[in-house]
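Okay, here's what each chain looks like letter by letter:
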Amino acid sequence: MESKFLDVIRIQIKSIYNVQRLSLSNSAGAIQIEKSIGKVVNAAIIGAPNSGKSTLINKILERKVCATSNKVHTTTKLARAICYDNDTQIIFLDTPGVVTDKEQNKYKLPESMKQACKKSLSCADVIGVVHDVSNRWTKERLHPTVLEMLNMVVNVPSFLIINKVDLLKSKKQLLDIIRNLTNGVIAGNPVPSYYTPQSKDQGFANFSDVFLVSALNGDGVKDIKEYLISNSKVRKLQYASDKWSDRSTETLIEEAARAKFLDFLAQEIPYHLETKLEYYDDNEAEGKVTCSLSVACPSERIVKLIAGAGGGRLQQIKSSLRNDLVDMIKKPVTVDINLIPKNKPSCEQEIL
């Protein structure tokens with residue numbers, strides 16, 4: 001029943017505007033273009049922390065390239081994830097969630113996070129704004145910093161992605177929420193039955209499209225991919241067709257491990273860990289990957305807390321990380337994690 005209601009909402013939204021689709025003929029009679037030339041679209045994906053940006057990108061790529069967790073600020077640096085579909089290359093600019101000075105100090109976040117979102121907008125052909133509709137405190141308004149960034153680049157086409165619609169208890173709220181987030185305007189056309197909101201600062205009136213999705217289960221994600229392909233432009237391909245990230249596999253493994261600690265550990269503990277890849281071997285002959293990570297912990301007490309009784313929690317972390325790496329690399333993976341206390345005395349100190 002809920003699925004049918006969402007379909008009705010989607011039809012109502014699409015009736016408001018007509019999205020122009022761009023296409024190039026792939027028929028035998030089409031002009032031959034050299035292999036290094038194709039269609040490319042750079043898509044900046046922005047939004048509040050934990051809105052589901054990385055999960056959405058992973059679902060479109062069908063590969064867990066972007067680290068995800070159930071805590072805020074999993075992504076700390078601007079990263080590119082690449083999807084190649086026929087002759088079209090979609091380059092996702094996965095950005096950190098917007099961060100305040102207070103959050104930066106609380107979670108020991110790098111200074112670069114504050115500028116990463118804004119930098120991504122400068123090289124974007126289109127901007128996707130992911131909004132968590134399941135958060136009852138913020139579902140009716142865009143994050144102020146997101147709105148500020150959108151107003152800085154009003155000439156860049158942007159679209160709204162309303163995420164986690166499966167968690168919304170009453171789907172009948174959706175039209176009202178869409179009106180608030182768009183200031184009652186989509187693609188220059190008014191949303192029917194629009195009422196004047198209490199504050200016009202809560203939404204953005206320049207969105208060209210609105211999508212209702214559940215990034216976690218993939219509902220509605222295909223429509224976003226088709227939309228991005230339709231907005232691609234003929235140009236030189238920036239990456240090889242088999243490339244799925246601009247970052248090394250080694251770096252992606254470290255980030256995946258960091259995200260896993262965020263998932264399994266409480267409060268701010270995981271933000272104080274330093275994860276480093278000590279060993280990495282991609283055995284092409286055997287078709288498998290072997291890697292080992294060291295994790296510097298603030299104290300011996302934290303090491304014991306992470307390991308859990310009999311090392312049980314650490315085994316759970318390793319098992320879950322292994323599954324994510326298999327989903328990323330698409331090969332069997334063997335992974336080991338070594339916990340190291342930072343304040344462990346040296347050999348000389350132990351003797352004394």
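As a reminder, the structure under discussion sits directly above these lines.
It should be emphasised that the depicted structure is a prediction, and the values quoted were computed from it without experimental measurement.

Trainee: How do you make sense of the packing of helix H2 (residues 53-61) against helix H7 (residues 221-230) when you look at a structure like this?
Mentor: When two helices pack together, their arrangement is given by the angle between the helix axes and by the axis-to-axis distance. Here H2 crosses H7 at 80 degrees, and the two axes come no closer than 10 Å. Judged by the inter-axis angle, H2 sits roughly perpendicular to H7. Residues Leu56, Lys59 and Ile60 of H2 form the contact with H7, whose own contacting residues are Val221, Ile224 and Lys225. A class-by-class count of the residues in the contact of H2 with H7 yields 4 nonpolar, no polar and 2 charged.

Trainee: Hey, could you run me through the environment of Val126 in this one?
Mentor: You can see Val126 is positioned in strand E4 (residues 126-132). The spatial distance from the C-alpha of Val126 to the C-alpha of Ala43 is 5.1 Å, given a sequence separation of 83 residues. Setting aside anything within four residues of it in sequence, one finds Val126 in contact with Val41, Asn42, Ala43, Ala44, Val156, Pro157, Phe159, Tyr227 and Leu228.

Trainee: Explanation requested: the nonpolar core in the structure shown.
Mentor: Considering soluble globular proteins, one finds that nonpolar side chains tend to be buried as a cluster. In terms of nonpolar packing, the biggest core is built from 52 residues, with Phe92, Leu228 and Leu339 touching the most fellow members. Counting residues per element, this core draws most heavily on helix H10 (residues 312-329), which supplies 6 residues. With near-sequence residues (within four places) excluded, Leu228 lies in contact with Val41, Ala43, Ile90, Phe92, Val126 and Phe159. Counting residues in each nonpolar core, the second largest holds 34 residues, with Leu142, Val146, Ile162 and Leu237 among its members.

Trainee: Looking at this structure, how should I read the sheet that holds strand E12 (residues 333-341)?
Mentor: Each strand in a sheet pairs with another by means of backbone hydrogen bonds, the pair being arranged parallel or else antiparallel. If you trace the 3 strands from one edge of the open sheet to the other, you get E10-E11-E12, paired in mixed fashion. Strands with a single pairing partner mark the edges of an open sheet, and in this sheet they are strand E10 (274-283) and E12. The average angle at which neighbouring strand axes cross in this sheet is 15 degrees, direction not considered. Relative to strand E11 (residues 288-297), E10 runs antiparallel, the two sharing 9 bridges. Bridge pairing links Thr275 to Val295 in E11. Along the sheet face, helix H8 (residues 249-264) touches E10, E11 and E12 and points at about 130 degrees away from the line of E10. Most of the contacts of H10 go to E12, to which it runs at about 135 degrees, and overall it touches E11 and E12.

Trainee: Just checking my understanding: could you explain H8 for this structure?
Mentor: Think of an α-helix as turning once every 3.6 residues; residues three or four places apart then point the same way. For H8, which comprises 16 residues, the first-to-last C-alpha distance of 23 Å matches the rise-based estimate of 22 Å (1.5 Å per residue) to within 8%. Along H8, the residues that are buried comprise Thr249, Leu252, Ile253, Ala256, Ala257, Ala259, Lys260, Phe261 and Leu262. Looking at the packing, one finds that the buried side of H8 touches E10, E11, helix H9 (300-307), H10 and E12.

Trainee: When you look at H10 in this model, what are you seeing that I'm missing?
Mentor: With 18 residues, H10 extends 26 Å from end C-alpha to end C-alpha; this agrees with the ideal 26 Å at 1.5 Å per step. All of the buried residues along H10 are Leu314, Ile317, Lys318, Ser320, Leu321, Asp324, Leu325, Met328 and Ile329. Once H10 ends, the next one or two residues include Lys330, with phi positive near 65 degrees.

Trainee: I would appreciate a short explanation of the pairing of E4 in the present structure.
Mentor: Moving residue by residue along a regular strand, the side chains alternate between the two faces of the sheet. Counting buried positions over the 7 residues of E4 gives 7, a clear majority of the element. Where burial is concerned, the two faces of E4 agree: the one with Val126, Gly128, Val130 and Asp132 and the one with Ile127, Val129 and His131 are both buried. Here strand E1 (residues 37-47) runs beside E4; their pairing, made up of 5 bridges, is parallel. Bridge assignment links Ala44 to a residue of E4, and that residue is Ile127. In the sheet, E4 pairs with strand E5 (residues 158-163) via 6 bridges, with the strands oriented parallel. Bridged to Val130 within E5 is Ile161. You can see the chain leave E4, run along helix H5 (residues 144-152) and come back into E5, and the turn it takes is right-handed.

Trainee: Honestly, unusual backbone geometry in this entry has me stumped. Any pointers?
Mentor: The general pattern is negative phi for most residues beyond glycine and trans for most peptide bonds. For Asn86, which is not glycine, the phi torsion reads 55 degrees and is therefore positive. A relative accessible area of 66% places Asn86 in the exposed class. For Asn183, which is not a glycine, the phi torsion comes out positive at approximately 55 degrees. Position of Asn183 among the secondary structure elements: in the loop between helix H6 (174-181) and strand E6 (185-186).

Rules used throughout
- Residues numbered from 1 in each chain as written.
- Predicted model: local features only at pLDDT ≥ 70, side-chain atom pairs only at ≥ 80, totals over all residues.
- Heavy atoms only, no water.
- Axes fitted to C-alpha atoms, helices over the stretch in contact; angles between N-to-C directions.
- Helix = DSSP H or I, 4+ residues; strand = E, 2+ residues; numbered from the N terminus.
- Parallel < 35°, antiparallel > 145°, perpendicular 65-115°, else oblique.
- Contact = heavy atoms within 4.5 Å.
- Nonpolar A, V, L, I, M, F, W, Y, C, P; charged D, E, K, R; others polar.
- Core = buried A, V, L, I, M, F, W, Y, C linked by side-chain atoms within 4.5 Å.
- Buried < 20%, exposed > 50% of the residue type's maximum accessible area, 1.4 Å probe, protein only.
- Pairing = 2+ DSSP bridges.
- Expected span 1.5 Å × (residues − 1).
- Right-handed = clockwise from strand over helix to strand, strands pointing away.

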